[in-house]
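# Structure at a glance
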Amino acid sequence: MVTVENHIGKISVSENYLTQLVKHTVTGCFGVADVCCVNTFRSVVAALTFGKAYKQQRGVAIRTDRDGGLVINLHIKVTYGTNITAAVDSIIHKVSFTLEETAGIDVHKINVFVDDMNA
């Protein structure tokens, strides 16, 4: 659970909701083929350990920092021929805008790792 306190009161948002929101936002960005795992060995171990729940959250890691803002790590697969710099800038802008508008949570940092390219 991620809890935000403002002048109205406390708001708690589940981590699963935020992960699904980020994943949906990222896969809708231009040039992104999919959200992928860090490597094959980790994906096999995680799938065996966590089962179906892990498959929904793969490639997106969300944590809070000291100030209560979100730090997001994304592992993506891009489409061949995509300008990676432009795609990453678009992802960072779109994810931070979506989370701040939808959940009202400040996003302090988004790290995007391009792990694979779709041929």
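Nothing here was measured: the structure is a model prediction, and the numbers come from that model. (Residues numbered from 1 in each chain as written. Predicted model: local features only at pLDDT ≥ 70, side-chain atom pairs only at ≥ 80, totals over all residues. Heavy atoms only, no water.)

Taken as a whole, this structure holds one salt bridge when the rule is applied. Lys77 serves as the salt-bridge partner of Asp116, at 3.9 Å between the closest nitrogen and oxygen. One end of the pair, Asp116, is in strand β6 (residues 107–118); the other, Lys77, is in strand β5 (residues 70–79), and 39 residues separate them in sequence. Judged by relative accessible area, Asp116 falls into the partly exposed class, the value being 37%. Here Lys77 falls in the partly exposed class, since its relative accessible area comes to 23%. (Salt bridge = Lys/Arg side-chain N within 4 Å of Asp/Glu carboxyl O. Helix = DSSP H or I, 4+ residues; strand = E, 2+ residues; numbered from the N terminus. Buried < 20%, exposed > 50% of the residue type's maximum accessible area, 1.4 Å probe, protein only.)

This part covers helix α1 (residues 15–27). Its 13 residues give α1 an end-to-end C-alpha distance of 18 Å, which sits within 8% of 18 Å, the value for a rise of 1.5 Å per residue. Taken together, the buried positions of α1 are Leu18, Thr19, Leu21, Val22, Lys23, Thr25 and Val26. (Expected span 1.5 Å × (residues − 1).)

This next bit is on the packing of α1 against helix α4 (residues 84–102). Relative orientation and spacing of two packed helices are given, respectively, by the angle between their axes and the distance between those axes. One way to put it is that α1 packs onto α4 with a least axis distance of 10 Å and a crossing angle of 140 degrees. One element, α1, and the other, α4, form an angle in the oblique class. In the crossing of α1 with α4, the sense of the turn from one axis to the other is right-handed. Between α1, through Tyr17, Leu18, Leu21, Val22, Thr25 and Val26, and α4, the contact on the second element is made entirely by Ile91, Lys94, Val95, Thr98, Leu99 and Thr102. (Axes fitted to C-alpha atoms, helices over the stretch in contact; angles between N-to-C directions. Parallel < 35°, antiparallel > 145°, perpendicular 65-115°, else oblique. Left-handed = near helix turned anticlockwise from the far one by under 90°. Contact = heavy atoms within 4.5 Å.)

Moving on: the nonpolar core. In terms of nonpolar packing, the biggest core is built from 26 residues, with Leu18, Val22, Val26, Ile72, Leu74, Ile91 and Leu99 touching the most fellow members. If you list the elements that add at least two residues to this core, you get β1 (2–5), α1, β3 (32–35), β4 (60–64), β5, α4 and β6. The element that contributes the greatest number of residues to this core is β5, accounting for five residues. Apart from the residues within four sequence positions on either side, Leu99 is in contact with Leu18, Leu21, Val22, Leu70, Ile72, Gly104, Ile105 and Val107. (Core = buried A, V, L, I, M, F, W, Y, C linked by side-chain atoms within 4.5 Å.)

All right, on to the environment of Asp65 then. Along the polypeptide, Asp65 turns up in the loop between β4 and β5. Owing to a relative accessible area of 24%, Asp65 belongs among the partly exposed residues under this scheme. Sequence separation between Asp65 and His108 is 43 residues; the distance between their C-alpha atoms is 8.2 Å. Setting aside residues up to four positions removed in sequence, Asp65 forms contacts with Val71 and His108. Engagement of the side chain of Asp65 in a polar contact is seen with the backbone nitrogen of Gly69, the distance being 2.8 Å. A distance of 2.7 Å separates polar atoms of two side chains, one belonging to Asp65 and the other to His108. (Polar contact = N/O pair within 3.5 Å; in protein donor to acceptor, adjacent residues only side chain to side chain.)

Bringing a nonpolar patch on the surface into the picture now. On the surface, Tyr80, Ile84, Val114 and Met117 cluster together into a nonpolar patch covering about 380 Å² of accessible area. Summarising the element assignment, Val114 is placed in strand β6. Residue Val114 is classed as partly exposed on the basis of its relative accessible area, which comes to 33%. (Patch = residues over 30% accessible without salt bridge, like charges linked within 9 Å, V, L, I, M, F, W, Y side chains within 5 Å. Areas by Shrake-Rupley, 256 points an atom, 1.4 Å probe, with all protein chains shown as cover.)

Across the protein chain, the average pLDDT comes to 83, with 83% of residues at 70 or higher. α4 holds the highest mean pLDDT among the elements of the protein chain, 94, whereas helix α3 (residues 52–57) holds the lowest, 48. With pLDDT under 50 throughout, residues 52–56 is counted as low confidence; its partners more than four residues away or in other chains account for eight contacts. (pLDDT = per-residue confidence, 0-100.)

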